[in-house]
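Each chain is listed here by its residues.
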Amino acid sequence: VAYKMPPESADALPSHNLMLGTNTGHLLILKEMQLVWCARLQGIVPAQICVDTLGGVRGMMVLMDSKGKLQVAYLGTDPPTASLVNTEMKELNYDEMEEEHQELLRVIRQTHGDGAAEPEESLAIEAQVPQVLDLGNEDDCDADDPVGRSDGMVMQLTVHIIVTLGGSKPVENVSITLK
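Residues numbered from 1 in each chain as written. Predicted model: local features only at pLDDT ≥ 70, side-chain atom pairs only at ≥ 80, totals over all residues. Heavy atoms only, no water.

This next bit is on the overall build of the protein. If you tally the helices and strands in the protein, you get 1 helix and 11 strands. Along its sequence from the N terminus, the protein presents helices and strands in the succession β-β-β-β-β-β-β-α-β-β-β-β. Sorting the 179 residues of the protein into buried and exposed places 11% on the buried side. Counting only contacts in the protein whose residues sit at least 6 apart along the sequence, the fraction spanning at least 24 positions is 32%. (Helix = DSSP H or I, 4+ residues; strand = E, 2+ residues; numbered from the N terminus. Buried < 20%, exposed > 50% of the residue type's maximum accessible area, 1.4 Å probe, protein only. Contact = heavy atoms within 4.5 Å.)

Together, Asp95, Glu96, Glu98, Glu99 and Glu100 line one region of the surface with negative charge. Among the structural elements, Glu98 can be located in helix 1 (residues 94-112). (Patch = residues over 30% accessible without salt bridge, like charges linked within 9 Å, V, L, I, M, F, W, Y side chains within 5 Å. Areas by Shrake-Rupley, 256 points an atom, 1.4 Å probe, with all protein chains shown as cover. Salt bridge = Lys/Arg side-chain N within 4 Å of Asp/Glu carboxyl O. Lys, Arg positive; Asp, Glu negative; His and termini not counted. Charge placed at Lys NZ, Arg CZ, Asp CG, Glu CD.)

The next point concerns unusual backbone geometry. Trans is the common state for peptide bonds, and a negative phi is the common state for residues other than glycine. Of note in the backbone geometry, Glu32 takes a positive phi value of approximately 55° without being a glycine. Along the chain, Glu32 falls in the loop between strand 3 (26-31) and strand 4 (34-40). What makes Glu32 exposed here is its relative accessible area of 73%.

This next bit is on the environment of His16. Inspection of the secondary structure puts His16 in strand 2 (residues 15-21). Assessed through its relative accessible area of 43%, His16 is described here as partly exposed. Sequence separation between His16 and Pro6 is 10 residues; the distance between their C-alpha atoms is 8.8 Å.

Turning our attention to the side chain of Asp65. Its location among the elements puts Asp65 in the loop between strand 6 (57-64) and strand 7 (70-73). As a buried residue without a salt bridge, Asp65 has its nearest oppositely charged side chain in Lys69, at a separation of 5.5 Å. A polar atom in the side chain of Asp65 sits 3.0 Å from the backbone nitrogen of Gly68. A distance of 2.8 Å separates a polar atom in the side chain of Asp65 from the backbone nitrogen of Lys69. Excluding anything up to four places from it in sequence, Asp65 contacts Ile44, Val45, Pro46 and Ala47. (Polar contact = N/O pair within 3.5 Å; in protein donor to acceptor, adjacent residues only side chain to side chain.)

Here we have 3 strands laid out as an open sheet, ordered 5-6-7, and antiparallel in their pairing. Each having just a single partner strand, strand 5 (48-54) and strand 7 make up the two edges of the open sheet. When the angles between neighbouring strand axes are averaged without regard to direction, this sheet yields 30°. One ladder, built from 4 bridges, connects strand 6 with strand 7; its direction is antiparallel. Bridge pairing in strand 7 places Met61 opposite Ala73. (Pairing = 2+ DSSP bridges. Axes fitted to C-alpha atoms, helices over the stretch in contact; angles between N-to-C directions.)

Along the chain, Ser66 turns up in the loop between strand 6 and strand 7. Sequence separation between Ser66 and Gln48 is 18 residues; the distance between their C-alpha atoms is 8.1 Å. Those residues in contact with Ser66 that sit more than four places away from it in its chain are Val45 and Ala47.

Put simply, the protein has an average pLDDT of 78, and 80% of its residues get 70 or more. Here strand 9 (residues 149-150) stands out as the element of the protein with the lowest mean pLDDT, 70, in contrast to strand 3, whose mean of 88 is the highest. (pLDDT = per-residue confidence, 0-100.)

Here it is in structure tokens:
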């Protein structure tokens, strides 16, 4: 859609911005031949675009997709005043770019080609927890002790913890802390 811009001065010629909706859900705004704004739309690929004043706010965009779904959007700010322009007008060296590209590919292959290196050591911890409590006659006569009891008997459970270290290096001074 061509959107007529307000004149910059009384004697200025009228100008238009071109608004394009893309199949990827982007809204592009061009002034003459320069892209001045690009916005990603949420959930709509516009087939129709209209700019109007809604609720006293100028510049509201009404977007409609090919199925008739409407969306009102607002860019909210003025576009940047400084345009990004390549000030270095040097010749492109395609051979140099290709060489750099090949070097980057070599680095990527070296880094990811063999996959992640597996560690030499591995640690496995297995806990064997029985389904029932241990049978025991151990009685604790201190009623204020915060241990679990059943019929006055202390409830206990014996858990076997198996720690396995795979690798070539010996292990010493192993400690396990349970909380």
